[in-house]
Amino acid sequence: RAHTASIASRLVLRSAGTRGALAQRQPPIGLHVGAMARLPLSVSLPLWLVRMGLLALAAYLAWDIRMYAIREYGRLIHEFDPWFNYRATEYLYKEGLRKFFTWFDHTSWYPLGRPVGTTIFPGMQLTSVAIKHTFDHLKLGWSLNDICVFVPTWFGAAASVLTGMLAAECSGFKSASPAGALVMAVIPAHIMRSVGGGYDNESVAVTAMVLTFYLWVRSLRTRGSWPWAFAAAAAYTYMVAAWGGYVFVINTVGAHAGLLMLLGRVDDAVYRAYTIFYVLGTAGAIQVPCVAWVPLKTLEQIGPLGVFLAYQLLQSAELLRARHNIRAGSLAHWQLRLKVVGGGGAAVAAVLGGLVQAGHFGPLSARVRGLFIKHMRTGNPLVDSVAEHQPARKEAYWHYLELACLVAPVGWLLLMWRPTHAKIFLIMYAAFGAFFSRKMSRLIILMGPIASALSGVALGAFAEWALMQLYEIPLLFRGSADAGTGADGGADKGADAPSTDADADAGADAAAAGSSGSPLQKASTPSGGKKDRKADKSKAAPQAPRPPSALTAFLKSLTAAYNSWPARLLRIAAAFVILYVIPMHGRRFFRWGHEFAMRSSQPSLIFKGQLTDGRIIKVTDYLDSYKWLKKNTPKDARVLSWWDYGYQLSGIGEKITLADGNTWNHEHIALVGRCLALPEKKAHRLIRHLADYVYVWSGGGGDDLAKSPHIARISNSVFGDICPNDPLCYTFTINPQTGQPTPRMAASLLFKLTENKARKEVTVDGELFREVYTSKFRKVRIYEVLNVSQKSKEWAMNPDNWLCDRPGSWYCPGQYPPKLPINVTKGFKTLDYKKHGWRPGMDQEDD
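A short tour of the structure in this document, coming up. (Residues numbered from 1 in each chain as written. Predicted model: local features only at pLDDT ≥ 70, side-chain atom pairs only at ≥ 80, totals over all residues. Heavy atoms only, no water.)

1. Considering a nonpolar patch on the surface
- A surface patch of nonpolar side chains, amounting to about 510 Å² of accessible area, comprises Leu41, Leu45, Trp48, Leu49 and Met52.
- Assignment of secondary structure puts Trp48 in helix 3 (residues 41-65). (Patch = residues over 30% accessible without salt bridge, like charges linked within 9 Å, V, L, I, M, F, W, Y side chains within 5 Å. Areas by Shrake-Rupley, 256 points an atom, 1.4 Å probe, with all protein chains shown as cover. Salt bridge = Lys/Arg side-chain N within 4 Å of Asp/Glu carboxyl O. Helix = DSSP H or I, 4+ residues; strand = E, 2+ residues; numbered from the N terminus.)

2. A look at the side chain of His684
- Along the chain, His684 turns up in helix 33 (residues 680-687).
- Of the residues examined, His684 reaches a relative accessible area of 5% and is grouped as buried.
- Reaching out from His684, the side chain makes a polar contact with the backbone oxygen of Leu768 at a distance of 3.5 Å.
- If we ignore the near neighbours within four places in the chain, the residues touching His684 are Leu768, Phe769, Val785, Leu786 and Asn787. (Buried < 20%, exposed > 50% of the residue type's maximum accessible area, 1.4 Å probe, protein only. Polar contact = N/O pair within 3.5 Å; in protein donor to acceptor, adjacent residues only side chain to side chain. Contact = heavy atoms within 4.5 Å.)

3. Examining the environment of Phe607
- Tracing the backbone through its elements, the reader meets Phe607 in strand 3 (residues 607-610).
- Using a relative accessible area of 22% as the deciding quantity, one classes Phe607 as partly exposed.
- In sequence terms Phe607 and Val619 are 12 residues apart; their C-alpha atoms lie 5.4 Å from each other.
- Once residues lying within four places of it in the same chain are set aside, the contact partners of Phe607 are Tyr73, Gln602, Ile617, Lys618, Val619, Tyr622 and Lys779.

4. Structural notes on the sheet that holds strand 7 (residues 693-697)
- As summarised here, the arrangement of the 5 strands in space is 6-5-7-9-8, forming an open sheet in which the pairing is mixed. One side of each edge strand has no neighbouring strand; the edge strands of this open sheet are strand 6 (656-657) and strand 8 (769-774).
- The pairing of strand 5 (residues 638-640) with strand 6 spans 2 bridges and is parallel. Within strand 6, the residue paired with Val639 across the bridge is Thr657.
- Sitting on the sheet, helix 33 is in contact with strand 5, strand 7, strand 8 and strand 9 (780-785), with an inclination near 85 degrees to strand 8. (Pairing = 2+ DSSP bridges. Axes fitted to C-alpha atoms, helices over the stretch in contact; angles between N-to-C directions.)

5. Some remarks on the packing of aromatic side chains
- Enumeration over the complete set of coordinates arrives at 37 aromatic pairs.
- Note on Phe150 and Trp154: the rings are 5.9 Å apart at their centroids and 25 degrees apart in plane angle, and the pair reads as stacked. Linking Phe150 with Trp154, this pair stays in helix 8 (residues 144-171), spanning 4 residues, or about one helical turn.
- The class for Trp154 is partly exposed, based on a relative accessible area of 26%.
- Arranged with centres 6.2 Å apart and planes meeting at 40 degrees, the rings of Phe607 and Tyr622 form a pair that is tilted. Here the residue Phe607 occupies a position in strand 3, and Tyr622 occupies one in helix 30 (residues 621-632), the gap between them amounting to 15 residues. (Phe/Tyr/Trp six-rings, centres within 6.5 Å; stacked < 30°, edge-to-face > 60°.)

6. Some remarks on the pattern of salt bridges
- Under the criterion given, the structure shown has 27 salt bridges.
- Note that Glu95 is salt-bridged to Lys99, the shortest N-O span being 3.6 Å.
- On the accessibility criterion, Glu95 (36% relative accessible area) is partly exposed.
- Assessed through its relative accessible area of 46%, Lys99 is described here as partly exposed.
- A salt bridge links Arg588 to Glu402; the nearest nitrogen and oxygen atoms lie 3.2 Å apart. Note that Arg588 is positioned in helix 29 (residues 565-600) and Glu402 in the loop between helix 19 (394-401) and helix 20 (404-414), a separation of 186 residues in sequence.
- Salt bridges sharing partners connect three or more residues here, namely Arg193, Asp200, Glu202 and Arg442.

7. A short note on the packing of helix 8 against helix 22 (residues 447-471)
- Look at helix 8 against helix 22: their axes get within 9 Å of each other, and the N-to-C directions meet at 55 degrees. Between helix 8 and helix 22, the crossing angle belongs to the class labelled oblique. Crossing geometry of helix 8 relative to helix 22 is assigned as right-handed. Note on element contacts: helix 22 touches helix 8 through Pro449, Ser452, Ala453 and Val457, opposite Thr163, Ala167 and Ser171.
- Residue classes in the contact of helix 8 with helix 22 are distributed as 4 nonpolar, 3 polar and no charged. (Parallel < 35°, antiparallel > 145°, perpendicular 65-115°, else oblique. Left-handed = near helix turned anticlockwise from the far one by under 90°. Nonpolar A, V, L, I, M, F, W, Y, C, P; charged D, E, K, R; others polar.)

8. Here we look at the state of the cysteines
- Taken as a whole and judged by the stated rule, the model has 2 disulfides.
- Note that Cys723 is cross-linked by a disulfide to Cys729, the S-S spacing being 2.3 Å. An S-S torsion of about 115 degrees defines the bridge between Cys723 and Cys729 as right-handed.
- Its relative accessible area of 0% is what places Cys729 among the buried residues.
- Through a disulfide, Cys804 is tied to Cys812; the S-S separation comes to 2.0 Å. The sign of the 105 degrees torsion about the S-S bond sets the Cys804-Cys812 disulfide as right-handed. (Disulfide = S-S within 2.5 Å.)

9. Regarding the nonpolar core
- Trp216, Ile687 and Tyr695 are the most contacted members of the largest nonpolar core, which has 195 residues in total.
- Element by element, the count of residues in this core is highest for helix 8, at 13 residues.
- Beyond its immediate stretch of four places on either side in the chain, Ile687 contacts Leu640, Cys675, Val694, Leu749, Phe769 and Val785. (Core = buried A, V, L, I, M, F, W, Y, C linked by side-chain atoms within 4.5 Å.)

10. A few points about the environment of Glu667
- Structurally, the position occupied by Glu667 is in helix 32 (residues 666-677).
- When its relative accessible area of 8% is taken as the criterion, Glu667 is described as buried.
- For the pair Glu667 and Val824, spaced 157 residues apart in sequence, the C-alpha separation works out to 7.1 Å.
- Sequence-distant contacts of Glu667, that is, excluding residues within four places in its chain, are made with Val718, Val824, Thr825, Lys826, Gly827 and Phe828.

So this is what it looks like as structure tokens:
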């Protein structure tokens, strides 16, 4: 009853009794950014319409800036990975969901094959097929290729709007919504993975990530907002289906929930929100075939699980407290918490420790482990060969974030003022994103949403402040006594009154306690007696007002100065400057974004080049080579190439490939590298059992010779005889000063195939390999393998020789043919780069 009376008295004080007094206590309207909420409808409604218009503009700009590639090169899928994604989408559309999840592809990773259905994140494919079915129902006439090309542009627009909503939700500044959305629309950190035709997982996953974060903080807005956690869990499940970066999402949300617990900000609403999010989100994640039970069996996700268990222990302590009628905050309450949380935590830690020792939790992956080690590389030569897995340089942040590097820190500092659950989340997300993106350049994509949101907070705060100053202009020219008292007198009247809602709440609590007659007070204050009456009289006697403190006096003088006539003029002038500077630098930021988008919109299949006479042409060598293979070679032709090109060889050329852009089988990629790094005759003895054609990139730039240190290094990590006593394979390279190959490089098949007849002294043995295609600008060369072992080919393609896990199963890996003159075993040697003298920049090129 006392608690109910306290709440009722607060409502009375805030609504009817003291509304006018509180209004007088508040400093003038120009002092608080949040004062825009108190604007009359005639002003707030047009501002709301402007904000909605700017959000719509941001969505359009986000779509438009991602259309450069489509306008220039047509509806073409870009790069390498997107071709695998498109091929998988096509299979899903033609064969249906059941066959998709039981798809074992024997045309890739020959002769082993790949279980695509259980090794792919299918979120983007499911989304594209759903859009395709919707368009078919509406008879719009869009092909599946067209939809896949446009998906990044659509989701880029959605991510921009959601980022603005996240910024407004966390900061409380309504103007942060359009500001954050406009920044996200053109920020290069997001454009780099979402241009039209860049049908990559991140183009969808970033949208899913921002949606998950928005719904999570939305579930914490008030004590009654926790049901939003159901939607957050659903969004997280979609995020899991879309991209492996879901590990960052669950750890960020888990860390946020853990931090709230450490800060003592957990209540029933936070407990319900996180419990719902974790249980339903994890249950949804387990349904994704390539994830399965990983959330409960890997060290990478043990943190959120630990936070979940800690929440359950805290809630158990609260239930016991309520059952035993223990007063909250008392010594007995803290002792109970210590017993339950301490004892239960020790038991949970013991169980988790036992599971770790028993091997239940798998080790950290090479990529994740590389985020926490001091040296620049992971030790896995395959992972280290990929440029985007290397640490980000400082210059990369300015390249991908530009002016957001300067504005976002201001927004981050503004969030420190009066922190809420949502503000703490954005602060922590910024710290996490900065740390992990510094460790791996690919993860700079994580900085796109947070840099945009923080920039939106800063720009929205300054814009709201500036607009409020302009709103006060009529007061300067009203010339009445009311305007003068509104500027100066108002501050004086409220200087000695409580200036915060906390003080008002304290007064409300006191009033409620005095009127409600709580049982505790009745027991300790019996009625009757002179002492009691004297005490009542002394309590009723008015007390002399306390003199203001030095801080109160300082704030009073500061407020008076801030609201003085000259200060108002200065603030109005500053408002005009702000409203001029923001658009001016905004135009510069937009130009940078468009320049970056144009540079990023050249697909690897086609790119622009300049001839010696100055003409700009489109080089189509790569696309032409795939089309040639599709048209001029048998359908069952097997093509050996370095693993980069496998997706395009199978997606465009429709050929059987030995390896592609997936890194799931280190040893098999090492075998492909061995075929290229061995001397010509030794290489042929292997290749004749595996391939019908060899496909190489030549002509300089990022060709196969530039990748040669990685090719040899990966192969040497498994077989050990490519570069004896030289783990980093610097004896397998080309001297950058002289252009001459080392002896090992000169003898390799790779060097002979790429430099055949381009150097007078280099020729290919015509009895082993025959050149059948050279592209127009010599970017691609294709060789037919002579004297191919048909017996090995027939044996490897015979389903009777596949190793099915049970009779009639779809899971049937292939085997290497028995005649293959090498035994491929599992395992590779990690490299200690520092020990062997590696330094950044020593490699010619990363893949």
